[in-house]
Structures are given as structure tokens and as C-alpha cells.
Amino acid sequence: MARVVMHVDLDAFYASVEQLRRPELRGKPVIVGGSGVPGERGVVAAASYEARVFGVRSAMPLARARRLCREGIFVPCDFKAYRDASEQVFQILHGYSPLVEPMSLDEAYLDLTGSQALMGQPEPVAVRLRDEVKRSCGLDLSIGIATCKLVAKVASELRKPRGLVVVNAGGEAAFLRPLPISKLPGCGPSTIRRLEPLGVGTIGDLAALPELLLGELFGQYGRLLHAHARGIDPSPVMPPGDPKSISREVTFDQDVLDPPRLRETALALLQDVGHSLRGHGLAARTVAMKIRYYPFETHSCQATLTYPSDRDDELTQAFTRLLDEHLDQSRPVRLIGAGVSNLEARAVQLSLLESRAAERAALDDRLDALRERYGEQAIFRGTSNRPQQKDFRRDDIDHLAAERK
DNA sequence: TCTGGGGTCCTCAAGCTA
DNA sequence: TCTGTAGCTTGAGGACCC
Ligand SMILES: [Mg+2]
Ligand SMILES: [Mg+2]
């Protein structure tokens, strides 16, 4: 049975939240970005549709946005406000499907497969959802509905703002065909640059290329690209899981050539990382440092601990080593960051459970070594029988058990 | 115009080992 | 016993997303 996947995306989210709580900003070109410090280095996080008329776009340096839009109202980011608004919206989303995959504060996939009897046809469901979010949160959103996540996402982006686009089963490839490859999620500047010389401008052009060629050019991603261009994307809607990495970084308003200050800044960031790590009940095996030197050259390095840790002292020790080894003290630093990855659930208390698990793992290693030396059938765990092994004793037992019935 | 911050996933190379 | 290799881990960098 074909799936019913919905992609929901709030329109100009941060800017809309600002206009919602400050009515004087409504109908005006609002540009959200930075932290509000004059002269800071920052980019546009969101622009209201009134500002977009001037050519202002997300990810554009604020300095450029100011030149493009002299009458723009520049507002610093307030993530707490956006998080609060986002939570309200997600409350509503959960009323429409038990399976919601958040992609960011302003975006989510909902799996509506099999909900027709309960909820009705997908399109009227989408209209109700849109109206409910508007009524109770005051925010506009766009919706795409299709048989897979990829096509649903392209659909939701197509008629923003307040768009609703449904792509019926079987119509995926035809829907994508005329669109420029830039609309395909995952197809960014670098991929576009490499496809251009092949004469690929539209998703249809891309779909026409042999899978082998794409595999040759783009490796694993090439095969995915080939499927995506045809509207094929079997990836399931997944509930949120544990984070895979946690990091904090800052770009200085002016480049810094002062090792003690860099160190203090970085260690404060790392403590924040540690705090978040413990908040998630996780421990990290890898500690990482990121540095961006003047003018814009980024380096990263990482070290793996012998065992996972969530303790500031241990993380700090590893991080300090990275800093001492890798910081080039002669170069001005633009950005510094700290992070952890290779995360695992924190061991419960200190002990039994954990040390037993470790013992078991060590035992497995020894058994594997013996098997390598003496053959697969040589040895098994005390409690386990040889799988599939014809063993007359077992046959007898099985036979008796069957007769006893 | 001068390039944020928080993530995810991929690639490639090198070392290790089953 | 030696050799070859497949697969994992680690580390650096890059593309991409919002
Ligand atoms: Mg979005
Ligand atoms: Mg959005």
C-alpha cells in the first residue's frame, strides 16, 4: 500500500514569530539575524516576505541585507521564543498523527498512512491542520503531501507561503520533471556545479542520466540522486532519536590573537556541551575542537577517549590537549568551537550492569579468537547450543517433548 | 557583501585485525 | 605459517539542511 506522507513547513518562521508578538512589525520588511550587537558578524536567519521583495534571503550576510533593504527592520534572534512557538505547533501536529518526525523548529514530516478512516482524506486533513495552527498559534504554514518524504518536501516548498500541494501516487516523476535541480533536497551549489556541464538543468534531465554514470560521478550519493530524481525515496518517517553529536561555537566580532582568551572561551563552550550531554543522559567517546582562522580557513581535530565520559574534567583534559597540540598561536582566530560525538547512553551508576557488559564483550572477543583458530564449530557459550546442529541428544529430547503432548 | 550556529551524512586515507 | 584481504575504527574535511 502506498504511504501517505505529509511535510509541514512554517512560513518565514522566525520573522513570523516576531511579527506575531510585535504587531507594529506586521506588514513590514522584518529581517531576523545575529544577536543584536552593533557591527557584529552575522547572517540572515529569516526574512519576512515583505523583506524578500528586496532580494533579502536566508544565510545572507547582514551587511548585505542592510544595503539591499534600507527600510528593513533588523531584529536579533530569540531562540527561546521560537522554541516556545514551535512546541505549540508540534502539540497540534501530534493530534494529526502518532508518527511525527521533527526536522527543525519549523518543519516536520507526518506519516498519515492508514489514518483515512479516522481522519478523512489527506487534503481536507491538511486544510484543517493549517487552519488550526493559524487559529491557535497565529502562524502560516505550507504543506506537501505525497507517497514519500522527498516528494512531500518538494511539494511543500513549491507554493509557499500558505501552500498546499498534493502529489498523487504514480505522479511523482511527472511532478518533479520540470523543476530545476536546485529544488531537489540534497542538491546544493557543489552538486549543481558538477551537473551543469552534463547539461542537467531540470530534475527530468537528471532522471534521464544512467544510474551507472551517476554512481561513477557521485558514488553512493549518485545512486540516491538517481532514485530521488524519479520520485523514489523509501526512507521512513522516524520519531526523534538521541542526538549524534553536540557542539557549541562562537564567531568573534573581531578576530582574536590571544591564546588565554581563546582557551577560556573554548572551555566555557565545552562546559555548555557537557551540561547538554548530561541533560540527555549521554556520554561521549570523542571530543572535538573547531577553529576558523583569518580570513576564513576552518580546521577541526578530534580525539577519542578510552571510555565514554560525561564529566567536565575528563572532557576538558582531552580538549586542552587538542588545543595545545593544534592551535596556531601566530594566526588570528575568527571562530572557536567545542563538541562531542560518538555518544552512548550513560552507564547506569557505576557498575554491575556496565562491568558485566564489558566482561561479556571481552568474553565474546576471546571466543571469536578461538573460533578463528579452531573453526566455527569449535566453541559456544555455556548456555547456547550449536545452531542448526544435528545432535542426536537434542533429537531425542525434542522427540520426547513431542510425544508428551 | 563577506561570509552564524546547530546539526546530519558522506568520503577518503591510514592503521589495525579478524 | 604466511599472505591477502575485508571490514572496522579513527581522524580530517566537505556538502548540505534549516
Ligand atoms: Mg523549513
Ligand atoms: Mg520554513
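For the structure, see preceding data.
The rules behind these values
- Residues numbered from 1 in each chain as written.
- Chains lettered and ligands numbered in written order.
- Predicted model: local features only at pLDDT ≥ 70, side-chain atom pairs only at ≥ 80, totals over all residues.
- Heavy atoms only, no water.
- Donors = N, O, S within 2.8 Å, 3.2 Å for Na, K, Ca; no water.
- Buried < 20%, exposed > 50% of the residue type's maximum accessible area, 1.4 Å probe, protein only.
- Near = heavy atom within 4 Å.
- Polar contact = N/O pair within 3.5 Å; in protein donor to acceptor, adjacent residues only side chain to side chain.
- Helix = DSSP H or I, 4+ residues; strand = E, 2+ residues; numbered from the N terminus.
- Contact = heavy atoms within 4.5 Å.

## Examining the coordination of the magnesium ion (ligand 2)
At step 1: Here the magnesium ion (ligand 2) is held by Asp9 (OD), Leu10 (O) and Asp106 (OD), and the distances to it run 2.1 to 2.3 Å.
At step 2: Leu10 sits in the buried class, given a relative accessible area of 4%.

## Here we look at the protein's contact with DNA strand C
At step 1: Near DNA strand C lie 20 residues; those nearest to it are Asp106, Gly186, Thr191, Gln302 and Thr304.
At step 2: Sugar and phosphate atoms represent 97% of those atoms of DNA strand C found within 4 Å of the protein.
At step 3: Within the backbone of Ser190, a nitrogen or oxygen atom sits 2.9 Å from a phosphate oxygen of DNA strand C.
At step 4: Interatomic distance of 3.0 Å between a side-chain N/O atom of Arg285 and a phosphate oxygen of DNA strand C.
At step 5: Broken down by secondary-structure element, the contributors of at least two residues to the surface near DNA strand C are α9 (189-195) and β11 (297-309).
At step 6: Considering each element in turn, the surface near DNA strand C owes the most residues, 6 residues, to β11.

## Thoughts on the coordination of the magnesium ion (ligand 1)
At step 1: Surrounding the magnesium ion (ligand 1) are the protein donor atoms Asp9 (OD) and Glu107 (OE), which sit 2.3 to 2.5 Å from the metal.
At step 2: Between the two metals, the magnesium ion (ligand 1) and the magnesium ion (ligand 2), the spacing is 3.2 Å, and Asp9 donates to both. Here Asp9, found in strand β1 (residues 5-10), pairs with Glu107, found in strand β6 (residues 107-111); they are 98 residues apart in sequence, far enough to count as distant.

## Considerations on the environment of Asp78
At step 1: Along the chain, the position of Asp78 falls in the loop between β4 (73-75) and α4 (79-93).
At step 2: Measuring from C-alpha to C-alpha, the distance between Asp78 and Tyr14 comes to 8.4 Å, with 64 residues separating the pair along the chain.
At step 3: With residues up to four places along the chain from it excluded, the contact list for Asp78 reads Glu18 and Arg21.
At step 4: Side-chain polar atoms of Asp78 contact the side chain of Arg21, separated by 3.0 Å.

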